Amino acid sequence: MTTLTPVLTGNWDQADSFTRAGYERDGGYSALRRALRMEPDEIVQAVKDSGLRGRGGAGFPTGMKWGFLPPTSPNPRYLVVNADESEPGTCKDIPLMMANPHVLVEGIIISSYAIKSNQAFIYVRGEVLHVIRRLHQAVAEAYEAGYLGKDILGSGYDLDVVVHSGAGAYICGEETALLDSLEGFRGQPRLKPPFPAVAGLYGGPTVINNVESIASVPSIIGNGPDWFASMGTEKSQGFGIFSLSGHVTRPGQYEAPLGITLRELLDMAGGIREGHRLKFWTPGGSSTPIFTEEHLDVALDFESVGAAGSMLGTRALQIFDETTCVVRAVLRWSEFYAHESCGKCTPCREGTYWYKLMLKRLEAGQGTEEDLETLLDISDNILGRAFCALGDGATSPVVSSIKLFRDEYLQHFEQGGCPFDPAKSTLWGGAK
């Protein structure tokens, strides 16, 4: 499984890939025309048959999620696209929207038609102003071409799309906090039930999907569900964007079938930077338990990664070589989670705060081995007890790093400080 599958990224090398003309030149919006000749339920079934699972991290079957909407409701139905990509290491949706926003717009139209919604929202991270401008341009071009608005392509179907920029809160990537933010409230997770499919945005039935999930829909309708299902593995079908960053020769986005291994991806990316070796890596972003070089051949699909003790997540592969201090890396991630905790629930609010304080002391060599047990105890009191997945995700690097690199934590105590030179892990300091 060493072949890339450039579908979403297929036109990224073209200068006008982000324009409607550039997108249409490669067959863009042809899937929309096909979809409008289908019944909405046919499209939902096609997405189910394709095996598409959510690309935002949880991996829930997309078609099944659409099918949860109640058949009748006094309130309008809504489609909300979660474009609030904010987790350290996760960097696939932002370049996708920057280079090929029309594939997302086309996916939104087809998906909205399938779930019988006449209003869709794109909730995008507020800091990425360049992406927000590009989305606004793509939506405006779609309106001009008659792909959005009233009576789309003479089908009698109406759809309006709103690009909404957030205010820079990682918690708003959690679907119910995103809904509160869209409604004008402080972004904090809601208690469930009711679930968004029943009572979501403005109390109406709502589907919330990740950017990559919705952007994958046009190719499924255009090529057929069997085409999509032919890639990947039996239970993790299709392709996805794998983001390689860190100590790798050619970092970037690699679109490949699910089930590919890091070893294969590293071969395509030129391997670890010259003169160094792999030490640890994240299979799905900073909120997933870390892996080491012994996991190089783990198939990167939902089941295999889970069986190996981590999560596929957003396929954000952060690569670290032997110059990196694990304690320092986990501290930086923990500082992020402490800063971004919304504070609504005690386990996450207090737990991430103590993570930050204790790890800072441990990195400075001022802790004791007993502190490691305290960290694990804090983790036990966060995991499964927070309102949303932010707290659970914050425990992943802490628990996995103590399990895999306990000796390195002990070295900090024994030497009275960090045994690593931070400059060595930089681009200039780590040169051969």
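Residues numbered from 1 in each chain as written. Predicted model: local features only at pLDDT ≥ 70, side-chain atom pairs only at ≥ 80, totals over all residues. Heavy atoms only, no water.

This paragraph deals with the sheet that holds strand β2 (residues 119-124). Spatial ordering of the open sheet is given by β3-β2-β1-β4, a layout of 4 strands whose pairing is parallel. In this open sheet, the two strands that pair with only one neighbour each are β3 (160-165) and β4 (206-210). Taken pair by pair, the neighbouring strands of this sheet meet at an average axis angle of 20°, ignoring direction. The pairing of strand β1 (residues 78-83) with β2 spans 5 bridges and is parallel. Its bridge partner being in β2, V80 is matched across the sheet by F121. Sitting on the sheet, helix α6 (residues 101-114) is in contact with β1, β2 and β3, with an inclination near 150° to β1. Packing of helix α7 (residues 129-144) onto the sheet brings it into contact with β2 and β3, and relative to β3 it is tilted by some 170°. (Pairing = 2+ DSSP bridges. Helix = DSSP H or I, 4+ residues; strand = E, 2+ residues; numbered from the N terminus. Axes fitted to C-alpha atoms, helices over the stretch in contact; angles between N-to-C directions. Contact = heavy atoms within 4.5 Å.)

Once that is clear, we can look at the packing of aromatic side chains. Under the defined criterion, the tally for this structure stands at 17 aromatic pairs. Judged by centre distance (5.3 Å) and plane angle (65°), the ring pair of W281 and F291 falls under edge-to-face. Separated by 10 residues along the polypeptide, W281 in strand β7 (residues 278-282) and F291 in strand β8 (residues 291-292) bring together distant segments of the chain. Relative accessible area serves as the criterion here: at 1%, F291 is assigned to the buried category. Here a set of aromatic residues connected by ring pairs shows up, and it is made of F280, F320, W333 and F405. The ring of F18 carries R134 above its face, with NZ or CZ at 3.6 Å from the centroid. Sitting over the ring of F242, R315 keeps its end group 5.9 Å from the ring centre. (Phe/Tyr/Trp six-rings, centres within 6.5 Å; stacked < 30°, edge-to-face > 60°. Buried < 20%, exposed > 50% of the residue type's maximum accessible area, 1.4 Å probe, protein only. Lys NZ or Arg CZ within 6 Å of the ring centre and 35° of its normal.)

Before going further, it helps to spend a moment on the sheet that holds β8. Sheets are built from strands that pair by backbone hydrogen bonding, the pairs being arranged parallel or antiparallel. Across the sheet, which stays open at both edges, the 5 strands sit in the order β6-β5-β9-β7-β8 with mixed pairing between neighbours. Each having just a single partner strand, β6 (252-257) and β8 make up the two edges of the open sheet. The sheet contact formed by strand β5 (residues 239-246) and β6 spans 6 bridges and is antiparallel. In the strand pairing of β6, I241 is matched with E255.

Under the defined criterion, the tally for this structure stands at 21 salt bridges. A salt bridge links E212 to R315, with the shortest nitrogen-to-oxygen separation between them at 3.0 Å. Of this pair, E212 sits in helix α9 (residues 211-215) while R315 sits in the loop between α13 (302-307) and β9 (316-321), and the two are 103 residues apart along the sequence. Taken individually, E212 and R315 each receive the classification buried, so the pair is uniform in this respect. The closest approach of N and O atoms between K360 and E335, which form a salt bridge, is 3.9 Å. Taken together, the residues span a long stretch of sequence, with K360 in helix α15 (residues 346-363) and E335 in helix α14 (residues 326-340) at a distance of 25 residues. Overall, K360 belongs to the partly exposed group, its relative accessible area being 45%. (Salt bridge = Lys/Arg side-chain N within 4 Å of Asp/Glu carboxyl O.)

Moving on, we get to a nonpolar patch on the surface. A contiguous nonpolar surface patch, about 280 Å² in accessible area, is contributed by F60, M64 and F68. Looking at the secondary structure, you find F68 in the loop between α4 (62-67) and β1. (Patch = residues over 30% accessible without salt bridge, like charges linked within 9 Å, V, L, I, M, F, W, Y side chains within 5 Å. Areas by Shrake-Rupley, 256 points an atom, 1.4 Å probe, with all protein chains shown as cover.)

To continue, consider the pairing of β2. Burial analysis of β2 places 5 of its 6 residues in the buried class, which makes it a mostly covered element. Two elements, β2 and β3, share 6 bridges in a ladder whose sense is parallel. Residue pairing in the sheet places F121 in a bridge with V162 of β3. Viewed along the sheet, the connection from β2 through α7 into β3 turns out right-handed. (Right-handed = clockwise from strand over helix to strand, strands pointing away.)

This part covers the packing of α14 against α15. For any two helices packed against each other, the geometry comes down to the angle between their axes and how far apart the axes lie. Running from N to C, α14 and α15 cross one another at 155°; their axes reach a closest spacing of 8 Å. In terms of orientation, α14 lies roughly antiparallel with respect to α15. Considering only the axes of α14 and α15, their crossing is left-handed. Counting all contacts with α14, which are made through V327, R328, V330, L331, R332, S334, E335, Y337 and A338, the residues of α15 involved are T352, Y353, Y355, K356, L359, K360 and E363. Residue composition of the contact of α14 with α15, by class: 8 nonpolar, 2 polar and 6 charged. (Parallel < 35°, antiparallel > 145°, perpendicular 65-115°, else oblique. Left-handed = near helix turned anticlockwise from the far one by under 90°. Nonpolar A, V, L, I, M, F, W, Y, C, P; charged D, E, K, R; others polar.)

Let us look at the side chain of H247. Checked against the element boundaries, H247 lands in the loop between β5 and β6. A polar contact of 3.0 Å, which involves the side chain of H247, links it to the backbone nitrogen of D321. From its side chain, H247 meets the backbone oxygen of S425 in a polar contact 2.7 Å long. Discounting chain neighbours no more than four positions away, the residues touching H247 are I272, R273, I319, F320, D321, T323, T324 and S425. (Polar contact = N/O pair within 3.5 Å; in protein donor to acceptor, adjacent residues only side chain to side chain.)

With that settled, consider the domain arrangement of the protein chain. Under the domain assignment, the protein chain is made up of domain 1 (20-230), domain 2 (234-321) and domain 3 (326-424). Centre-to-centre, using C-alpha coordinates, domain 1 lies 26 Å away from domain 2. In this complex, domain 1 contributes 22 residues to the contact, which on the side of domain 2 involves 21 residues. Interface of domain 1 and domain 2: buried area, both sides summed, is about 1700 Å²; carbon and sulfur atoms make up 51% of it. Of all residues in domain 1, R53, R55 and K92 give up the largest surface area on contact with domain 2, accounting jointly for 30% of the area buried on that side. There are 2 salt bridges connecting domain 1 and domain 2. Remark: the boundary between domain 1 and domain 2 carries 12 residue pairs in polar contact (both at pLDDT 80 or more). In terms of residue count, helix α11 (residues 225-229) provides more of the side of domain 1 that touches domain 2 than any other element does, 3 residues in total. Classifying every residue of the side of domain 1 that touches domain 2 gives 7 nonpolar, 10 polar and 5 charged. (Domains from an automatic or database assignment. Buried area = accessible area lost by both parts, 1.4 Å probe.)

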